[in-house]
Amino acid sequence: MSQLKDGRLISSSNDYTLIIYKRDSFELQLSIKEHSASVRFFTQLQNGKIITCSDDQTMNIIKLENDTLEQKLQGHSSYVWNVIEIRENELISVSGDKTMKKWEIKNDNKYECTKTITFQNSNSYCNILKLNENEFVTSSCSDKCLKFWNSNDYSNISTINNIEVYWYFRTLCMIDKDLLCVGGNNSKGFYLIKISTHQIIKNITGPQIIYSIYECFDGLILCSIKNENGNYSLVKYKYDNQNLNKIIEKEKVHEGEIYTCVELNDGTVVSEKDKIRVKNYSGRNPLEVYEEIQQIAQQFNAKPTEFIAAAVSAVISYRRKIWYAEDFSSAIEWDFEGFKFPIPVGYDRFLKTMYGDYMQLPPVEERGHHHDGAIFNADIPYRSEEHTSEL
């Protein structure tokens, strides 16, 4: 969630939309749906237009005056995680395809990709932040590093390795002209980094997870965190003498992760939740949990909907498991290994949602299974208690 220059609020979602609300009443004013997958990130450009990043591997330039899609930027082969306007008419995007791309206004006043740089070693969550007119920084979750770049020639100036950066989008924030605050993972809390020297000056441990960091209008830092007690909180910190001192903590404002929050120019704090913990399934028979989820999900089977979804999905991948119902409305036959099998009529869009460019093989070193090991006994019925105990 963020605030536009005209004061209105704007948010994006895994329902593929960009929503704009009236500032005072929070009444929905505009809903924009120009992507075919989750909208990961958005920002307002200097010219007032909005640029969005999506799991559908594209970015959209939206003109708010008449709610029109002005341009769709294509070129990445995986999720587009973030984008910054490094200077007027010049953008930099980062993606799970390991690359960042430079986009410049060229012919017909349209953006074109003019440079591609591989900046991380694996398909990973990543982030980018403009530090000043001459420098920007990128983070890579799996590489566990921060990289500082020259924004004029895009050369890598320096790298900080072995830094636990949380994967979410707003975990980089400047809290001073020469101070970068980085949200950590696994109880790493915050890293304070001196921009001029690219050195960590302090690692403040504490919160288990930092979901987002914002610089407030009053000079304080607003964070959404999971704290030491396992509660989801909104916290204000004040930077003082190379330290972050907690000023206010409001615990349990949501029952689930607070993925984004923003402080408005009048001091009002707005947060939005992306997940709600409904029940604590810890210690229960996994088959019982599965059957319960199935019953909840299937109660809507007779209701016509635009989308369908997997009933059970990993937290970090559920956005890929929301599909168009019409893609499964009928089946066609497809040859495979000498046999004919029925497949969904909308198989192409389904596979692109799940895997991106599914016709492109990954590098040899990245091929293989991507699941945890499963233990089972083929001689025992899977619904039996004996089988469950082996799991």
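Residues numbered from 1 in each chain as written. Predicted model: local features only at pLDDT ≥ 70, side-chain atom pairs only at ≥ 80, totals over all residues. Heavy atoms only, no water.

Q: Residues and numbers for the overall build of the chain, please.
A: Secondary structure summary: the chain contains 3 helices and 30 strands in total. In the chain, buried positions account for 45% of the 391 residues. Carbon and sulfur atoms make up 48% of the accessible area of the chain, which amounts to about 20,900 Å² in all. (Helix = DSSP H or I, 4+ residues; strand = E, 2+ residues; numbered from the N terminus. Buried < 20%, exposed > 50% of the residue type's maximum accessible area, 1.4 Å probe, protein only. Areas by Shrake-Rupley, 256 points an atom, 1.4 Å probe, with all protein chains shown as cover.)

Q: Provide a residue-level description of the sheet that holds strand E12 (residues 111-118), including the pertinent values.
A: With antiparallel pairing, 4 strands are arranged side by side in an open sheet as E9-E10-E11-E12. Unpaired on one side and paired on the other, strand E9 (80-87) and E12 mark the two borders of the sheet. Sheet twist, expressed as the mean angle between neighbouring strand axes with direction ignored, is 25 degrees. Direction of pairing for strand E11 (residues 99-105) relative to E12: antiparallel, over a ladder of 7 bridges. (Pairing = 2+ DSSP bridges. Axes fitted to C-alpha atoms, helices over the stretch in contact; angles between N-to-C directions.)

Q: Give a detailed account of empty space enclosed by the protein, specifying residues and quantitative values.
A: Tallied over the entire structure, the rule returns 1 cavity of 30 Å³ or more. When its volume is computed, the largest cavity comes out at roughly 50 Å³. Along its surface, the largest cavity is lined by Tyr16, Thr17, Leu18, Ile32, Lys33, Glu34, His35, Val39, Thr52, Asn60 and Ile62. By residue class, the composition of the lining of the largest cavity is 5 nonpolar, 4 polar and 2 charged. (1 Å grid on protein atoms, 1.4 Å probe; cavity = no way out; pocket = protein on both sides within 12 Å on 5 of 7 lines; lining within 4 Å. Points joined across faces, edges and corners; volume = space filled by probe spheres on them. Nonpolar A, V, L, I, M, F, W, Y, C, P; charged D, E, K, R; others polar.)

Q: I'd like a description of unusual backbone geometry, backed by residues and values.
A: A positive phi angle is found at Asn89, which is not glycine, with a value near 70 degrees. With a phi close to 55 degrees, Asp108 is a non-glycine residue in the positive phi region. Here Asp108 is to be found in the loop between E11 and E12.

Q: Just give me the short version of the pairing of E11, but keep the residues and values in it.
A: In terms of residue burial, E11 counts as a mostly covered element, since 5 of its 7 residues are buried. Pairing of strand E10 (residues 90-95) with E11, which is carried by 5 bridges, proceeds in the antiparallel orientation. Looking at E11, one finds that Leu91 is bridged to Trp103. As consecutive antiparallel partners, E10 and E11 are separated by 3 residues, and within that stretch Lys98 has a phi angle of approximately 80 degrees, a positive value. Between E11 and E12, which pair antiparallel one after the other, the connecting turn spans 5 residues, and Asp108 there sits at a positive phi close to 55 degrees.

Q: If you had to explain the packing of aromatic side chains to someone new, which residues and values would you point to?
A: Two measures describe an aromatic ring pair: the distance that separates the ring centres and the angle between the ring planes. In this structure the tally under the stated criterion is 12 aromatic pairs. Centroid distance Tyr16 to Phe307: 5.3 Å. Interplanar angle 80 degrees. Geometry classified as edge-to-face. Placement of the pair is Tyr16 in the loop between strand E2 (9-12) and strand E3 (18-21) and Phe307 in strand E27 (residues 307-309), with a sequence separation of 291 residues. The exposure class assigned to Tyr16 is buried, which follows from its relative accessible area of 1%. (Phe/Tyr/Trp six-rings, centres within 6.5 Å; stacked < 30°, edge-to-face > 60°.)

Q: Summarise the environment of Leu131; cite the residues concerned and give the values.
A: Mapped onto the elements, Leu131 comes out in strand E13 (residues 126-132). For the pair Leu131 and Leu179, spaced 48 residues apart in the sequence, the C-alpha separation amounts to 9.4 Å. If sequence neighbours within four positions are ignored, Leu131 has contacts with Phe136, Val137, Phe148, Met174, Leu180 and Ile195. (Contact = heavy atoms within 4.5 Å.)

Q: Describe the pattern of salt bridges, listing the residues and the values that go with them.
A: Per the stated rule, a full pass over the model turns up 13 salt bridges. Residue Asp178 pairs with Lys194 through a salt bridge whose shortest N-O separation is 2.9 Å. On the criterion of sequence distance, the pair formed by Asp178 in the loop between strand E17 (172-176) and strand E18 (179-183) and Lys194 in strand E19 (residues 190-194) is long-range, its members being 16 residues apart. (Salt bridge = Lys/Arg side-chain N within 4 Å of Asp/Glu carboxyl O.)

Q: Let's hear about the sheet that holds strand E8 (residues 68-74): which residues, and what values?
A: Judged by pairing direction, the sheet is antiparallel, and its 4 strands sit side by side in the order E5-E6-E7-E8 without closing on themselves. Among the strands making up the open sheet, the edge pair consists of strand E5 (39-44) and E8. Put simply, the sheet's adjacent strands are angled 20 degrees from each other on average, direction ignored. Where strand E6 (residues 50-54) lies against strand E7 (residues 58-63), 4 bridges are found, and the strand directions are antiparallel. Of the residues in E7, the one forming a bridge with Ile51 is Ile61.

Q: Could you give an account of helix H2 (residues 347-355), with specific residues and numbers?
A: Residues separated by three or four positions in an α-helix point in the same direction, a consequence of the helix having 3.6 residues per turn. Buried within H2 are the following residues: Phe350, Thr353 and Met354. The buried residues of H2 occupy an angular sector of 95 degrees when the element is viewed end-on, so they sit on one face. If you follow the buried residues of H2, they end up packed against strand E28 (322-324). Gly356 sits one or two positions beyond H2 and adopts a positive phi of about 75 degrees. (Arc of directions from axis to C-beta.)

Q: Tell me about the pairing of strand E30 (residues 339-344), and name the residues and values.
A: Counting buried residues in E30 gives 0 out of 6 residues, a small share hidden from the surface. Sheet analysis places strand E29 (residues 331-336) next to E30, joined by 6 bridges and oriented antiparallel. Counterpart to Asp335 in the pairing with E30 is Lys340. Between the end of E29 and the start of E30, which pair antiparallel, lie 2 residues, with Glu337 showing a positive phi angle near 50 degrees.

So far we have only geometry, and geometry alone does not tell us how the molecule works.
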